[in-house]
Amino acid sequence: VIYQSCDELYYLQPSTEHIQQVIAKHQLPDNFLLYVGTIEERKNLLALVKSLKLVKDIPLVVVGKKKNYFNTVMDFIRKNNLESRVLFLEDVSNTDLPVIYRLANVFIFPSIFEGFGIPIIEALICKTPVITTKGGCFPEAGGPDSIYINPSDENELAEKINYLLNSEIIRNHISEKGFEYAKKFHPENISKQLISLYNS
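A few points on the structure.

About the cut-offs
Residues numbered from 1 in each chain as written. Predicted model: local features only at pLDDT ≥ 70, side-chain atom pairs only at ≥ 80, totals over all residues. Heavy atoms only, no water. Phe/Tyr/Trp six-rings, centres within 6.5 Å; stacked < 30°, edge-to-face > 60°. Helix = DSSP H or I, 4+ residues; strand = E, 2+ residues; numbered from the N terminus. Buried < 20%, exposed > 50% of the residue type's maximum accessible area, 1.4 Å probe, protein only. Lys NZ or Arg CZ within 6 Å of the ring centre and 35° of its normal. Arc of directions from axis to C-beta. Contact = heavy atoms within 4.5 Å.

### Some points on the packing of aromatic side chains
The description of an aromatic ring pair rests on the distance of the ring centres and on the angle between the ring planes. In this structure the tally under the stated criterion is 9 aromatic pairs. With 5.1 Å between their ring centres and 80° between their planes, F70 and F88 make a pair best called edge-to-face. Placement of the pair is F70 in helix α3 (residues 69–79) and F88 in strand β3 (residues 86–89), with a sequence separation of 18 residues. Pair check on accessibility: F70 and F88 agree, each one buried. Taken together, a centroid distance of 5.9 Å and an interplanar angle of 20° make the contact between F107 and F109 stacked. Using a relative accessible area of 0% as the deciding quantity, one classes F109 as buried. Of the aromatic side chains, those joined through ring pairs into one cluster are Y10, Y101, F107, F109 and F138. Above the face of the F113 ring, R42 is positioned so that its terminal group lies 5.2 Å from the ring centre.

Put into structure tokens, the structure is as follows:
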């Protein structure tokens, strides 16, 4: 198996000026959870929004194209008075997204199924701890130190979010381990594997 990589922008350290510009442009809170992905049923954003009711008062930033499923998510948000805790970002550029990953306290990807899960790699490279789905392709992208949950159990998801939010030491440990694991997906390493395959 030769894996995919992600854009090389994620490997670059943003300047302090760029970070401040992104914070101001998107009105980002000081602390936040992050979800990146199309807002469709299989990506399972609703489970994450439901878990917010059991998580201490930290906002969720959502980056992704809206599909019909967005209406289902918004119905739950309105019925449970969560409007002030969920921020949907529009028109996020490829240069801004790596900064948003880096600023997030925790990246959460509760998808039911994926072909691989490139956002997981993007988060790991940005040294953001990851919570994602047990089984399937997710451990291949997330590595041994990410946290895995049953995507249909918002109580378990909330428990793991609180676990990470309650300890900066644990978040930093997971971030460093995840970053080391994600180095294997660097485009240069993937290129070498492809060249080796062709040569063989």
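Alright, that's what it looks like, and here's the rest.
### Structural notes on α3
Those residues of α3 that sit buried are Y69, F70, V73, M74, F76 and I77. Down the axis of α3, the smallest arc covering the buried residues is 160°, so these residues share one side. The inward-facing, buried residues of α3 contact α2 (45–51) and β3. Trailing α3 by a residue or two, N81 shows a phi angle of about 55°, which is positive.

Read these as geometric descriptors, not functional statements.
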